[in-house]
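Inside the fold
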Amino acid sequence: MRRMVVAAVVPLVALLVAANSGCVSAGKYRELETSARNMQSRLEQAETELQGERAKAKELQAKLAAAESELQAKNAQIQTLQDARDRLKAAYEALRAEFDKLKGQGMTPVTIIKNVQLPAALDRALKEFADKHPDSVEYDPARGLLKWKSDLLFDLGSADLKPTALPALQEFAGILKSNAAVGFDIMIAGHTDNTRIAKPQTRQQHPTNWHLSAHRSISVLFELTKDGVEPTRTTVMGYGEYQPIAPNDTTEHKAQNRRVEIYLVKKGTVPGATPEPTAAPEVP
């Protein structure tokens, strides 16, 4: 910029010197005068451009400062999430160690219900139902248990029932509402494999496999009650990954562990349930 100022001033000085010496023609004078005006115009244009560049630089500095502030906030947020992740990881490892310890002591998965005696009509209806849906349902008459394959009820990581699963659940609700099943309550237990929930959008709905298993049980409960099963007869459980029926070492075994089990139990035998009414004693 200083060079441009000097370049503009030199013709002006030359013009004045020439004019004072009296040795410049009128044409040369006009030429020098025009050159001086052009240089002055270029100088003014350069100053305008310089002001524009300074304004842009100031704007860029403001954006840089804002970006640096946002980066600091993001780094702080990342650190907070990492700290939370480390705490959850430590808690999980402690639980896993405790589980392995209990497993090493010979403890096996809890059998929720044993030796249930269902009425012949109800037993027959459930067996026919399972025979009709062999790819999705297994029936264990000794435990009053229908085991549903989760992959046929839900998409992976989801607790929303598939539309294709609804007709069978509606048919099952019809059995639960029959006269043969009136004296029985319904326990719904959800199970998962040991695959960690990784997708952030999935973790927002189901932070852990416990949540996912319980939410799936609730979805089945809601469908059954929507189809007319009394809510007072139902209860839900979520076992997450901690009651496997197969090792979580292959795709096939993990699929076996993803399941929803529905138990029929004598009315009033579930803890906290309303007991079955008994007849009032006769008054002598």
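Residues numbered from 1 in each chain as written. Predicted model: local features only at pLDDT ≥ 70, side-chain atom pairs only at ≥ 80, totals over all residues. Heavy atoms only, no water.

**Regarding the overall build of the protein chain**
Counting its secondary structure elements, the protein chain contains eight helices and five strands. Along the protein chain, helices and strands appear, N-terminal first, in the series α-α-α-β-β-α-α-β-α-α-β-α-β. Within the protein chain, the proportion of its 284 residues that are buried is 29%. Long-range pairs, those at least 24 residues apart, make up 71% of the contacts in the protein chain between residues at least 6 apart in sequence. Accessible area for the protein chain stands at about 18,400 Å²; split by element, carbon and sulfur atoms hold 57% of it. (Helix = DSSP H or I, 4+ residues; strand = E, 2+ residues; numbered from the N terminus. Buried < 20%, exposed > 50% of the residue type's maximum accessible area, 1.4 Å probe, protein only. Contact = heavy atoms within 4.5 Å. Areas by Shrake-Rupley, 256 points an atom, 1.4 Å probe, with all protein chains shown as cover.)

**Side note on the layout of surface pockets**
Estimates place the volume of the largest pocket at around 760 Å³. What lines the largest pocket is a set of 19 residues, and nearest its centre among them are Leu-88, Lys-89, Arg-203, Pro-207 and Thr-208. Elements supplying a minimum of two residues to the lining of the largest pocket: helix H2 (26–104) and helix H7 (209–226). With 10 residues, H2 is the single largest residue contributor to the lining of the largest pocket. Here the lining of the largest pocket is built from residues that sort into 11 nonpolar, three polar and five charged. (1 Å grid on protein atoms, 1.4 Å probe; cavity = no way out; pocket = protein on both sides within 12 Å on 5 of 7 lines; lining within 4 Å. Points joined across faces, edges and corners; volume = space filled by probe spheres on them. Nonpolar A, V, L, I, M, F, W, Y, C, P; charged D, E, K, R; others polar.)

**A look at the packing of aromatic side chains**
For any pair of aromatic rings, the description rests on two quantities: the centre-to-centre distance and the angle between the ring planes. Scanning all chains against the criterion turns up four aromatic pairs. Plain terms: the ring middles of Trp-210 and Tyr-242 are 4.8 Å apart, the flat faces sit at 35° to each other, and that makes the pair tilted. Of the two residues, Trp-210 sits in helix H7 while Tyr-242 sits in the loop between strand E4 (234–238) and helix H8 (251–257), which places them 32 residues apart along the sequence. Overall, the relative accessible area of 41% leaves Trp-210 in the partly exposed class. A relative accessible area of 15% places Tyr-242 in the buried class. Joined through ring pairs, the aromatic side chains of Phe-129, Trp-148 and Phe-172 make up one cluster. The ring centre of Phe-184 lies 5.4 Å from the NZ or CZ of Lys-266, which sits over that ring. (Phe/Tyr/Trp six-rings, centres within 6.5 Å; stacked < 30°, edge-to-face > 60°. Lys NZ or Arg CZ within 6 Å of the ring centre and 35° of its normal.)

**Describing the nonpolar core**
Grouped together as the largest cluster of nonpolar side chains are 31 residues, with contacts concentrated most on Leu-126, Trp-148, Phe-172, Val-220 and Leu-224. Secondary structure elements with two or more residues in this core: helix H3 (120–132), strand E1 (137–140), strand E2 (145–149), helix H5 (166–176), strand E3 (184–191), H7 and strand E5 (259–266). In this structure, Leu-126 is in contact with Leu-118, Tyr-139, Leu-146, Phe-172, Ile-175 and Leu-264, ignoring residues within four places of it in sequence. (Core = buried A, V, L, I, M, F, W, Y, C linked by side-chain atoms within 4.5 Å.)

**Quick look at the side chain of Arg-258**
Among the structural elements, Arg-258 can be located in the loop between H8 and E5. Judged by its relative accessible area of 12%, Arg-258 is buried. Engagement of the side chain of Arg-258 in a polar contact is seen with the side chain of Asp-193, the distance being 2.6 Å. (Polar contact = N/O pair within 3.5 Å; in protein donor to acceptor, adjacent residues only side chain to side chain.)

**Overview of the packing of H3 against H5**
Relative placement of two packed helices is described by the angle separating their axes and the distance separating the axes. Close contact between H3 and H5 brings their axes to 10 Å; oriented N to C, the two are set at 170°. When the interaxial angle is binned, H3 and H5 end up roughly antiparallel. Contact residues: Leu-122, Ala-125, Leu-126, Phe-129 and Lys-132 in H3; Ala-168, Glu-171, Phe-172 and Ile-175 in H5. Taken together, the residues that form the contact of H3 with H5 break down as seven nonpolar, no polar and two charged. (Axes fitted to C-alpha atoms, helices over the stretch in contact; angles between N-to-C directions. Parallel < 35°, antiparallel > 145°, perpendicular 65-115°, else oblique.)

**A few points about the sheet that holds E1**
Spatially, E1-E2-E5-E3-E4 is the arrangement adopted by the five strands of the open sheet, whose pairing is mixed. The open sheet has two edge strands, E1 and E4, and neither has a second partner. Along the sheet, successive strands turn relative to each other by an average axial angle of 20°, direction set aside. Bridging between E2 and E5 involves five bridges; their strand directions are antiparallel. Counted as the bridge partner of Leu-146 is Ile-262 from E5. Running over the sheet, H5 touches E2, E3 and E5 and is turned about 170° from E2. On the sheet, H7 packs against E3, E4 and E5 and is oriented at approximately 160° with respect to E4. (Pairing = 2+ DSSP bridges.)

**Observations regarding the confidence of the model for the protein chain**
Averaged over all residues, the pLDDT of the protein chain equals 82, while 80% of them reach at least 70. No element of the protein chain has a lower mean pLDDT than helix H1 (residues 2–21), which averages 51, and none a higher one than H5, which averages 96. This stretch, residues 2–9, has a pLDDT under 50; its non-local contacts, to residues over four places away or in other chains, come to six contacts. Throughout residues 277–284 the model reports pLDDT below 50, and contacts reaching past four residues in sequence, or to other chains, amount to zero contacts. (pLDDT = per-residue confidence, 0-100.)

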